[in-house]
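# Structural overview for review
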Amino acid sequence: MAFRTLLPHSNTKLTLTRSLSSFCRRPSSPPPSPKKVPFTVSIHGRTWQDPYWWMSNTDDPDLLDHLQRENIYADAFMADTRNLQSALSSEMKARLPATVSTPPERWGPWLYYQYIPEGKEYPVLCRKLEKETSGYVHVGTCRVSPDHNYLAYTVDISGGERFMLQVKNLSSGLIDPDVEVDGVVYIIDSANPMDGLRRICKRTTGVQYFVEHHSGLFYILTNAPLPDGQWSGEDYYLVRCPAEDIESAKLQNIILPDKDMSVCDMDIFNGHLVLFLNKKGLPLLCSLNFPIQIDFKDQVYIQDLKPWYFPLPSNTCSATPGSNHDFLNTVYRVVLSSPVMPDVIVDYDMSRHTYSIVHQEEVNCDSVGQSQIRYFELHKNKIQEAQSDKKECALNSNSQRWKDFSEVYCCQREEVISHDGERVPLTIVYSRESWQKGQSPGLLVGYGAYGEDLDKSWCSDRLSLLDRGWVVAFADVRGGGGGGPSWHKSGCGLNKHNSIFDFVSCGNYLVNEGYVHRDQLGAIGWSAGCLLVGAAMNMYPQLFRAAILKVPFLDVCNTLLDPSLPLTILDYEEFGNPQIQLNFDSIFSYSPYDNIPQGICFPSVMITAAVNDSRVGVWEGAKWVAKVRDSTCSHCSHAIIMKTSMIGGHFGEGGHYAQCDETAYEYAFLMKAFGILNE
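Below, the structure is looked at part by part. Computed from a predicted structure; not experimentally measured. (Residues numbered from 1 in each chain as written. Predicted model: local features only at pLDDT ≥ 70, side-chain atom pairs only at ≥ 80, totals over all residues. Heavy atoms only, no water.)

### A word on the pairing of strand β2 (residues 40–43)
Burial along β2 is one-sided: V41 and I43 are buried, while T40 and S42, pointing the other way, are not. The hairpin turn running from β2 into strand β3 (residues 46–49), its antiparallel successor, is 2 residues long, and H44 in that turn takes a positive phi close to 55°. (Buried < 20%, exposed > 50% of the residue type's maximum accessible area, 1.4 Å probe, protein only. Helix = DSSP H or I, 4+ residues; strand = E, 2+ residues; numbered from the N terminus. Pairing = 2+ DSSP bridges.)

The structure is reproduced here in structure tokens:
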């Protein structure tokens, strides 16, 4: 497989010595200037003006006109990067295989799989070829009927996340026109459907229950407090109780995680229970054999039940379950990935304690028409023993190994000391050949919300940065899911400042330790992750040269004060209810829109948004851009641009090849902002 080194020869040094102020110059044309309409916001005795509040009315024709003018300005600003965009996009597309398919998965008598036909944008769900739909397509949930004659699936074709349920007859290929959905999910005993609904436990704020049924027993993953101080932690544990006792207030047979571990999820099969675990921010998986013999009512630990820990590669950052539909199956399918390991699909045989590699994502590194191609072989990685305390993992006789790029790219995990002494995991990726200590540009990635894990999976597009000497780093700040529910709780609500300071600490670490040039650090965030990046830029604008904020949540205070918006009430649990003064004071202190510094040089920023975004209003980015231009240095704030999709939703327009064009646009923006347009 051929590999292209896109940086100049190794004896050519990067020259990245421009300070932030040296890029502070006015472009040839001024940015759009939206109208200002006086509007006063008042709460808890505090009053302030918001002249761009009108943008939250998406029916105002001036908003659409303004967004279109912003698109024109963004394209004009990026005009001198068109050749670079084309080169980047060509590189990314050249790495993609002509066809992409998942390995077939057996369920009953059928094999189910997906594939993207050559030259097409969207996957086809197969047994039978599906006619491709043009425009935006987002397939949500797919379920096949027990007799394998029908496929039920939800699909969004607008980007607004309003999914239609369709049922397809797999024999005739026809869609059932009589399907109706009322939007409510009912759970009943399928053997006695007339018995009605049964409540599991009384609803309690902050307490969650995830329920599975097996052989007359309910297995419940929960974080509910235990009596008599049996469980003082904030993470999840497992309980088991007979089905007839499901409404009982006292759950029995407590199964706790081992020391330094947290339980993240579970999956149940006829003969096995699969647990997704986290140990110091790293994923682990194990299986327990059914029936689980617990003859006492006191708590036990997972290790007491003799789990089999799935062998994982040493650099695994992501472990995602496959579809695993077949309840009777003894094989569990998992997708493993890391920044230096293309996605690998592995089948773990839970009965035999063996594994087999089913498929690994193909990466085409033959860059057509490009010179300086270097050839290499994929490094065959050693198996990571999941534990360090002598737990045994049986392997296949042929001792299979996954393949990765770790001989070409370095992927290392550091712990950064934050403002309060907490250790924050930071994953740092760079090219062993192209990176230059203290001279390389860098991009810091963050999210830190809802207890969600930061995506550190393989992305071949990222090679276009790494091969040019860039460092890409992933900050697992508090508020995310890197350390279990307690890690999430310590970075949400009144603790949200911890997320922001964690991110800043990681940025400073990259600079101070020489991974990134002092004036060449960028940042990127998605959705709620933009709150993190936006707040960090407000507090420490000199730390960042540029940022990309995708479908950004920036007008935090105003959004949470509007309960008519779809997600506001749900977000009270994550960020707090600003109708409560203590919460308001906290939110208002970091809300990116409400804390833009005055009269200073500000990083270059690219905003992406979508008109049909039902999660984060398109107005949030538009308001923020307008206010930054009003507030900060009148020269460098002209390098704030906004690109809005008129057809897509919160998750972009998608598409196998279209995504390469979007990413090339973003990377070209960063290179322009850093003053390194020329290769």
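### Comments concerning helix α11 (residues 658–673)
The end-to-end C-alpha separation of α11 is 23 Å, in line with the 22 Å expected for 16 residues at 1.5 Å each. G675, located one to two residues past α11, shows a positive phi value of around 70°. (Expected span 1.5 Å × (residues − 1).)

### Considering the packing of aromatic side chains
Think of a pair of aromatic rings as described by two things: how far the centres are apart, and how the planes are tilted against each other in angle. Inspection of the entire model under this criterion finds 25 aromatic pairs. Where F77 meets F669, the ring centres are 6.3 Å apart and the plane angle is 45°; that geometry is what we call tilted. Taken together, the residues F77 in helix α1 (residues 61–77) and F669 in helix α11 connect sequence positions 592 residues apart. Here the two residues F77 and F669 agree in accessibility, since each one is buried. Considering the side-chain rings of F405 and W458, the 5.0 Å spacing of their centres and the 10° angle between planes classify their relative orientation as stacked. In this pair, F405 is assigned in the loop between β28 (403–404) and β29 (409–417) and W458 in the loop between β31 (442–446) and α3 (463–466), connecting sequence segments 53 residues apart. Judged by its relative accessible area of 2%, F405 is buried. The rings of F269, F276, W308, F310, Y332, Y348 and Y355 are connected pair by pair, giving a single aromatic cluster. (Phe/Tyr/Trp six-rings, centres within 6.5 Å; stacked < 30°, edge-to-face > 60°.)

### What to know about the pairing of strand β6 (residues 110–116)
It is a general feature of regular strands that their side chains alternate between the two faces of the sheet. In this sheet, β6 lies alongside strand β4 (residues 100–101) in antiparallel orientation, the contact comprising 2 bridges. By the bridge assignment, V100 is partnered in β6 with I116. Of the pairings in the sheet, the one linking strand β5 (residues 105–107) to β6 comprises 3 bridges and is antiparallel in character. Its bridge partner lying in β6, R106 is registered against L111. Of the strand pairs in this sheet, β6 and strand β7 (residues 124–126) are connected by 3 bridges, and their pairing is antiparallel. Bridge pairing in β7 places Y113 opposite C126.

### Thoughts on the pattern of salt bridges
Under the counting rule described, the total for this entry stands at 18 salt bridges. Close ionic contact of D65 with R69 constitutes a salt bridge, the shortest N to O distance being 3.2 Å. With D65 and R69 both in helix α1, this residue pair falls 4 residues apart, about one helical turn. The exposure class assigned to D65 is partly exposed, which follows from its relative accessible area of 37%. A salt bridge links R478 to D420; the shortest N-O distance between them is 2.8 Å. Taken together, the residues span a long stretch of sequence, with R478 in the loop between β32 (471–475) and α4 (485–489) and D420 in the loop between β29 and β30 (423–431) at a distance of 58 residues. Given the relative accessible area of 3%, R478 is considered buried. The class of D420 is partly exposed, set by a relative accessible area of 43%. Residues joined in a network through salt bridges with shared partners are K35, D60 and D62. (Salt bridge = Lys/Arg side-chain N within 4 Å of Asp/Glu carboxyl O.)

### Things to note about the nonpolar core
Core analysis: the biggest nonpolar cluster contains 115 residues, and L426, F503 and W624 have the highest contact counts within it. If sequence neighbours within four positions are ignored, L426 has contacts with Q412, R413, E414, V416, L444, A473, F474, A475, C506, Y509 and L510. Counting residues in hydrophobic clusters, the runner-up holds 22 residues, among them L221, I268, L275 and I292. (Core = buried A, V, L, I, M, F, W, Y, C linked by side-chain atoms within 4.5 Å. Contact = heavy atoms within 4.5 Å.)

### Focus on the sheet that holds strand β12 (residues 217–222)
One open sheet holds the 5 strands; their spatial order is β11-β12-β13-β14-β18, and the pairing between them is mixed. Each end of this open sheet is capped by a strand with a single partner; those strands are β11 (209–214) and β18 (300–301). Examined bridge by bridge, strand β13 (residues 237–242) and strand β14 (residues 252–256) share 2 bridges and lie antiparallel to one another. Residue L238 lies in a different strand from β14, and its bridge partner there is I255.

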